[in-house]
Amino acid sequence: MTNRYIAHVTIKALTPLKVGTSDKDFFKDAPVQRDWNNLPMVLGTSIAGVLRKEFSKEKEDEVFGKDTGSKVIFSNALLLDEKGKVQEGLLTQKSPFLKIFDNLPLREHTAITDKGVAKDKSKFDEEVVYKGTKFKFSIEVLEEKDSFVEIISLIQSPTFRLGGGSSKGFGKFEVEKIETTIIDTIEKLENYSSSLNDFDGEEIQKIKQKRTSHIKYELHIKPDDFFMFGSGFGDKDADMTPVYEKVINDDYTGLTEKEILIPASSIKGALSHRTAFYFNKKQLELGKDHTKVGEGNEAVKAIFGHKKELKNKKELGQKGKILISDCFMKNQDNVKVFDHVSIDRFTGGAIEGALFQEKTIADDRVYAIEIYLKNEQIDEYKDAFESALKDIKTGMLALGGATTKGHGVFTGTLLRDGVEI
């Protein structure tokens with residue numbers, strides 16, 4: 001009889017989730033994975049891939065399989081409904097709660113050059129699952145008790161992410177509940193049910209993981225006056241409006257009203273350009289080439305990653321070493337609409353058709369932004385990155401849109417592993 005170590009894990013999304021598919025449609029460039037009931041899901045292979053990458057290298061092939069079969073089995077992570085159950089069969093009718101997942105938020109993206117303008121043909125959108133959504137999945141490990149314990153530990157790591165876009169704010173989870181059992185007799189095996197809704201296990205205490213592989217930075221910043229992270233849309237009051245997003249409420253019964261969103265992707269873009277500036281400044285002092293920006297800059301490539309490139313007839317690419325989380329804040333409807341018009345430089349009068357309005361957020365609350373940086377092969381680039389972070393906390397690096405008009409200036413404190421710097 002082979003011992004089977006089994007766990008059922010319930011997780012909650014602390015940021016929106018993006019687990020994409022290869023499908024496209026007329027309305028979005030990157031839809032999320034969905035199950036047989038058209039509900040968001042996370043494939044077991046996605047979970048396995050993340051954990052395999054973080055697993056002990058000396059036992060990786062033995063446990064996850066290479067020349068031999070895998071000793072670990074992951075189920076798909078299925079959406080929990082308002083009653084705490086997953087839908088393992090076909091639904092004839094969805095509850096009001098499940099219907100809210102028919103239409104998910106869309107995130108609009110565009111790449112920005114070092115000049116602060118959009119790159120040509122760089123606009124795209126991607127579908128994401130609401131922050132606060134809960135999923136449940138199972139893990140089964142054959143024989144390897146130590147490996148089972150390590151996998152359970154890795155899932156609880158503060159840097160554990162699921163899906164794509166982890167460097168753009170997506171995929172952060174917390175483990176809400178872990179139930180485990182051991183099947184070590186024929187009788188237990190015969191009575192075991194693979195259903196995620198029917199499990200007779202013992203709930204174990206969650207472990208607060210110590211983080212050794214990443215440096216944790218925390219920005220606690222307050223806007224000096226107005227800021228706006230643009231939605232790309234207008235409304236009845238203005239041509240340009242801030243981005244808001246709804247999340248699952250604390251009671252897990254529906255959606256909140258729209259919340260203010262500071263997208264991690266916007267912070268990442270600003271940090272990337274300012275990191276390149278400080279690295280180039282250092283190179284200039286050393287008498288070296290100091291003109292490269294974007295993915296051509298060594299510091300940007302090392303910290304923020306880069307796309308595949310052909311080198312020695314091989315395609316090489318690197319994932320970023322940075323994890324940033326989206327920041328949400330309850331909306332208080334403190335907005336200010338500004339009117340703008342372009343002026344003819346010769347006549348001093350308004351140019352016809354050039355009048356437009358922008359809606360900004362006026363807030364005096366402190367926003368907490370969490371950033372993890374993988375602590376490997378970054379020593380010569382870390383100073384440039386930290387200088388960029390310090391520029392945010394001192395108001396020298398504005399965030400969001402319309403920064404040339406005075407918006408997006410924040411000031412506050414910066415912590416590295418809990419110590420202010």
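Here's what I pulled together on the structure shown here.

Definitions and cut-offs
- Residues numbered from 1 in each chain as written.
- Predicted model: local features only at pLDDT ≥ 70, side-chain atom pairs only at ≥ 80, totals over all residues.
- Heavy atoms only, no water.
- Helix = DSSP H or I, 4+ residues; strand = E, 2+ residues; numbered from the N terminus.
- Rg over C-alpha atoms; globule rule 2.2 N^0.38 Å.
- Buried < 20%, exposed > 50% of the residue type's maximum accessible area, 1.4 Å probe, protein only.
- Contact = heavy atoms within 4.5 Å.
- Lys, Arg positive; Asp, Glu negative; His and termini not counted.
- Charge placed at Lys NZ, Arg CZ, Asp CG, Glu CD.
- Axes fitted to C-alpha atoms, helices over the stretch in contact; angles between N-to-C directions.
- Parallel < 35°, antiparallel > 145°, perpendicular 65-115°, else oblique.
- Left-handed = near helix turned anticlockwise from the far one by under 90°.
- Pairing = 2+ DSSP bridges.
- Patch = residues over 30% accessible without salt bridge, like charges linked within 9 Å, V, L, I, M, F, W, Y side chains within 5 Å.
- Areas by Shrake-Rupley, 256 points an atom, 1.4 Å probe, with all protein chains shown as cover.
- Salt bridge = Lys/Arg side-chain N within 4 Å of Asp/Glu carboxyl O.
- Core = buried A, V, L, I, M, F, W, Y, C linked by side-chain atoms within 4.5 Å.

**What to know about the overall build of the protein**
So, step 1. For the protein, the helix and strand inventory stands at eight helices and 22 strands.
So, step 2. For 421 residues, the compact-globule estimate of 2.2 N^0.38 gives 22 Å, and the C-alpha radius of gyration of the protein, at 24 Å, lies within 12% of that figure.
So, step 3. Based on the C-alpha atoms only, the size of the protein along its principal axes is roughly 90 × 55 × 45 Å.
So, step 4. Expressed as a percentage of the 421 residues in the protein, the buried residues total 45%.
So, step 5. Looking at the protein alone, contacts between residues at least 24 apart form 70% of all its contacts between residues at least 6 apart.
So, step 6. Side-chain charges of the protein comprise 64 positive and 69 negative groups, with the mean position of each set lying 4 Å from the other.

**Here we look at the packing of helix α6 (residues 264–285) against helix α8 (residues 379–393)**
So, step 1. Orientation of α6 relative to α8, taken along the N-to-C sense of each, is 125°, at an axis distance of 8 Å. Relative to α8, α6 is oriented oblique. You can see that α6 and α8 cross each other, and the crossing is right-handed. Each of Leu-271, Arg-274, Thr-275, Tyr-278 and Phe-279 in α6 lies in contact with α8, whose residues at this interface are Glu-380, Tyr-381, Ala-384, Phe-385, Ser-387, Ala-388, Leu-389, Asp-391 and Ile-392.

**Quick word on the pairing of strand β20 (residues 367–374)**
The side chains of a regular strand alternate between the sheet's two faces.
So, step 1. Among the eight residues of β20, six are classified as buried, and the element is accordingly described as predominantly covered.
So, step 2. Bridge analysis of strand β10 (residues 214–223) against β20 gives eight bridges, and the strand direction is antiparallel. Bridge assignment links Lys-216 to a residue of β20, and that residue is Tyr-372.
So, step 3. The pairing of strand β16 (residues 322–324) with β20 spans three bridges and is antiparallel. By the bridge assignment, Ile-324 is partnered in β20 with Ile-371.

**Digging into a negative patch on the surface**
So, step 1. On the surface, a cluster of negative charge is made up of Asp-289, Glu-298, Asp-379 and Glu-380.
So, step 2. Along the chain, Asp-379 turns up in helix α8.

**What to know about the nonpolar core**
So, step 1. Judged by nonpolar contacts, the single largest core of 48 residues is most densely connected at Val-9, Leu-51, Phe-101, Ile-139, Ile-151 and Ile-155.
So, step 2. The contacts of Val-9, once residues within four sequence positions are left out, are Phe-135, Lys-136, Phe-137, Ile-139, Ile-155, Val-175, Lys-177 and Ile-178.
So, step 3. Grouped together as the second largest cluster of nonpolar side chains are 44 residues, Ala-276, Ile-303, Ile-322 and Leu-373 included.

**Quick word on unusual backbone geometry**
So, step 1. Phi at Glu-143 is positive, roughly 70°, even though this residue is not glycine.
So, step 2. Position of Glu-143 relative to the elements: it lies in the loop between β7 (134–142) and α4 (145–155).
So, step 3. When its relative accessible area of 47% is taken as the criterion, Glu-143 is described as partly exposed.
So, step 4. Positioned with a positive phi, Asp-417 is a non-glycine residue whose angle comes to about 50°.

**Details of the sheet that holds strand β13 (residues 259–262)**
So, step 1. The antiparallel open sheet is built from three strands, whose spatial order is β12-β13-β17. Looking at the sheet topology across the chains shown, the edges are occupied by β12 (244–245) and β17 (327–329).
So, step 2. As paired strands, β13 and β17 are joined by three bridges and run antiparallel to one another. Among the inter-strand pairings, Leu-261 is bridged to a residue of β17, identified as Phe-328.

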